[in-house]
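# Survey of secondary and tertiary structure
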Amino acid sequence: MQVTQIAQSEKFKDINVSNASKFGKVAVLLGGKSAEREVSLNSGQAVLEALLRSGVNAEAFDPMERSVTELVGYDRAFIVLHGRGGEDGQIQGVLEWLNLPYTGTRVQGSAIGMDKVKTKQIWQGSDLPTAPYRMISQDTDLNAVVAALGLPMIIKPVHEGSSVGMSKVERAEDLQAAVDKASEHDAVVMAEKWITGAEYTISILNGQALPVIRLQPPADVAFYDYDAKYIRNDVEYGIPSGLSDTDEQQLQSLSLQAFQAVGASGWGRIDAMQDQQGQFWLLEVNTVPGMTSHSLVPKAAGAIGYSFDALCVAILEQTLVDEKQ
């Protein structure tokens, strides 16, 4: 897939939804059984309502409540399943087996993108800047981790999204508790060097980078955590980002490279930091981003004139392209 980037002032063309029947019957996959189930239900409901308003014959489909074999009655699927089972290649594999076109990243890219360590390894192998890290197991010398990464650091479950199970650690004596917390969500845990600076997110849509958003959580929040993402209403979203044109374009280009490197496609999001020396650092890739009122992809798309409904249809359009390939 050839990728390009767009200037902030450029707008996408309006999406023609007059012939919504071309999509046939669409299953909006939502809910599931991951730790992000509630967010997925909210995202999926928003997407479902947008597609219905656009004339698409769409229905909600929760794999936790229905057998995936029932998907044979649909023409395509819009995946809004967050977390394990939804964005790690599992449901993508089912859809491939059923020969059902679906939105977003394919099986391999989904599996890689859900694994924070595999993602980092690929970025490192591609000479893309990503924050230093260490794997943590029961036998790991935590003092050695502190010596390698310094303090503060951040502890993460390797296979969770939405900041589930994450903790910022500022004192060595708090490290074990943070590891224990992450281990409640995943058998694989990692420590990542804390990057002091500004946090940004870059949405990708059908091969193009949308305007960069700067994330500014309130002072009492250590980082852009689950509450900040989905519950609180006092997070500031900088659109425009406040970056110079050169830095904005550099970050968009870097994000497109990072997105492609892991095999992601269609739509998604890259999270990154800029340290106090001006260096950008890639953090994570999200191949099924949130689509709630707090979500970042709709905010970025809205900055260039996309309505939420048009955004959902644009994402669904990918399935028509894939169907022809």
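Looking up the protein chain in an unreviewed UniProt entry gives the name D-alanine--D-alanine ligase, with the organism given as Acinetobacter calcoaceticus. Quoted verbatim from the Function (unreviewed entry) field of the UniProt record, the comment on the protein chain reads "Cell wall formation." Listed in UniProt under the heading Subcellular location (unreviewed entry), the comment for the protein chain reads: "Cytoplasm".

Right, let's talk about the sheet that holds strand β7 (residues 167–169) for a bit. Sheet strands pair via backbone hydrogen bonds, and the direction of the pair is either parallel or antiparallel. Strand order in the open sheet formed by four strands is β5-β8-β6-β7, and the pairing between neighbours is antiparallel. Across the chains shown, the open sheet's two edge strands, defined by having one partner strand only, are β5 (133–136) and β7. With strand direction ignored, the average angle separating the axes of adjacent strands in the sheet is 25°. Alignment of β5 against strand β8 (residues 189–193), held across four bridges, turns out to be antiparallel. Bridging across to β8, Arg134 finds its partner in Ala191. Against the sheet, helix α4 (residues 116–125) touches β5, β6 (153–157) and β8, its axis set at about 145° to β5.

Feature annotation in UniProt assigns "active site" (unreviewed entry) to the following positions: Glu36, Ser162 and Ser295. Tracing the sequence through the fold places Glu36 in the loop between β2 (25–29) and α1 (37–53). Judged by its relative accessible area of 2%, Glu36 falls in the buried class. The residue Ser295 is located in the loop between β14 (280–286) and α9 (296–302) in this model. A distance of 3.2 Å separates a polar side-chain atom of Ser295 from the backbone oxygen of Gly290.

By size, the foremost hydrophobic cluster in this structure holds 45 residues, and its most contacted members are Leu29, Leu51, Phe78 and Leu95. Elements with a contribution of two residues or more to this core: β2, α1, β3 (57–61), β4 (76–79), α2 (90–97), β11 (213–216), α9 and α10 (308–324). In terms of residue count, α10 provides more of this core than any other element does, eight residues in total. Residues from two domains meet in this core; each of domain 1 (1–104 + 307–318) and domain 2 (113–129 + 196–287) gives at least three. Ignoring anything within four residues of it in the chain, the contact list for Leu51 reads Val26, Val28, Val56, Ala58, Phe78, Cys312, Val313 and Leu316. Grouped together as the second largest cluster of nonpolar side chains are 22 residues, Ala258, Ala264, Ala272 and Phe280 included.

Of the positions making up α4, those classed as buried are Lys116, Val117, Thr119, Lys120 and Trp123. Mapping the buried residues of α4 onto a view down its axis gives an arc of 160°, with all of them on the same face. Structurally, the start of α4 carries an N-cap: the backbone nitrogen of Val117 is 3.0 Å from a side-chain oxygen of Asp115. Once α4 finishes, Asp127 follows within two positions and takes phi at roughly 60°, a positive value.

What follows deals with the confidence of the model for the protein chain. The predicted model of the protein chain averages 88 in pLDDT, with 87% of residues at 70 or higher. Low pLDDT, under 50, characterises residues 1–15; the predicted model gives this stretch 38 contacts beyond four residues in sequence or across chains.

For the rest of this paragraph, the subject is the sheet that holds β2. Overall, parallel pairing links the three strands, which are arranged β3-β2-β4 in an open sheet. Where the open sheet ends on each side, the last strands, each with one partner, are β3 and β4. When the angles between neighbouring strand axes are averaged without regard to direction, this sheet yields 30°. Judged from the five bridges that link them, β2 and β3 form a sheet pairing that is parallel. Residue pairing in the sheet places Val28 in a bridge with Ala60 of β3. Strands β2 and β4 of the sheet are contacted by α2, whose axis makes an angle of about 175° with β4.

Another point: the pattern of salt bridges. Counted under the stated rule, the structure contains 13 salt bridges. The salt bridge involving Arg84 is made with Asp186; its shortest N-O contact spans 3.8 Å. Of this pair, Arg84 sits in the loop between β4 and α2 while Asp186 sits in the loop between α6 (175–183) and β8; the two residues are 102 residues apart in sequence, bridging distant segments of the chain. We note a salt bridge from Glu192 to Lys156, for which the minimum N-O separation is 2.8 Å. Taken together, the positions of Glu192 in strand β8 and Lys156 in strand β6 put the pair 36 residues apart, joining distant regions of the chain. For the pair Glu192 and Lys156, a shared accessibility class is recorded, and that class is buried. Each of Lys120, Lys156, Glu192 and Glu284 takes part in a single network of salt bridges with overlapping partners.

Inspection of every chain in the model, using the stated rule, returns two aromatic pairs. With a centroid separation of 6.0 Å and 90° between ring planes, the pair formed by Phe61 and Tyr74 is classed as edge-to-face. With a gap of 13 residues between them, Phe61 in strand β3 and Tyr74 in the loop between β3 and β4 connect regions that are remote in the sequence. By the burial criterion, Phe61 is buried, and Tyr74 matches it. Ring geometry for Phe78 versus Trp267: centroids 6.3 Å apart, planes at 65°, classification edge-to-face. Separated by 189 residues along the polypeptide, Phe78 in strand β4 and Trp267 in strand β13 (residues 267–275) bring together distant segments of the chain. In terms of burial, Phe78 and Trp267 fall into one category: buried.

Reading the values: the criteria
Residues numbered from 1 in each chain as written. Predicted model: local features only at pLDDT ≥ 70, side-chain atom pairs only at ≥ 80, totals over all residues. Heavy atoms only, no water. UniProt positions renumbered as here; feature names shortened; annotations may be inferred. Pairing = 2+ DSSP bridges. Helix = DSSP H or I, 4+ residues; strand = E, 2+ residues; numbered from the N terminus. Axes fitted to C-alpha atoms, helices over the stretch in contact; angles between N-to-C directions. Contact = heavy atoms within 4.5 Å. Buried < 20%, exposed > 50% of the residue type's maximum accessible area, 1.4 Å probe, protein only. Polar contact = N/O pair within 3.5 Å; in protein donor to acceptor, adjacent residues only side chain to side chain. Core = buried A, V, L, I, M, F, W, Y, C linked by side-chain atoms within 4.5 Å. Domains from an automatic or database assignment. Arc of directions from axis to C-beta. pLDDT = per-residue confidence, 0-100. Salt bridge = Lys/Arg side-chain N within 4 Å of Asp/Glu carboxyl O. Phe/Tyr/Trp six-rings, centres within 6.5 Å; stacked < 30°, edge-to-face > 60°.

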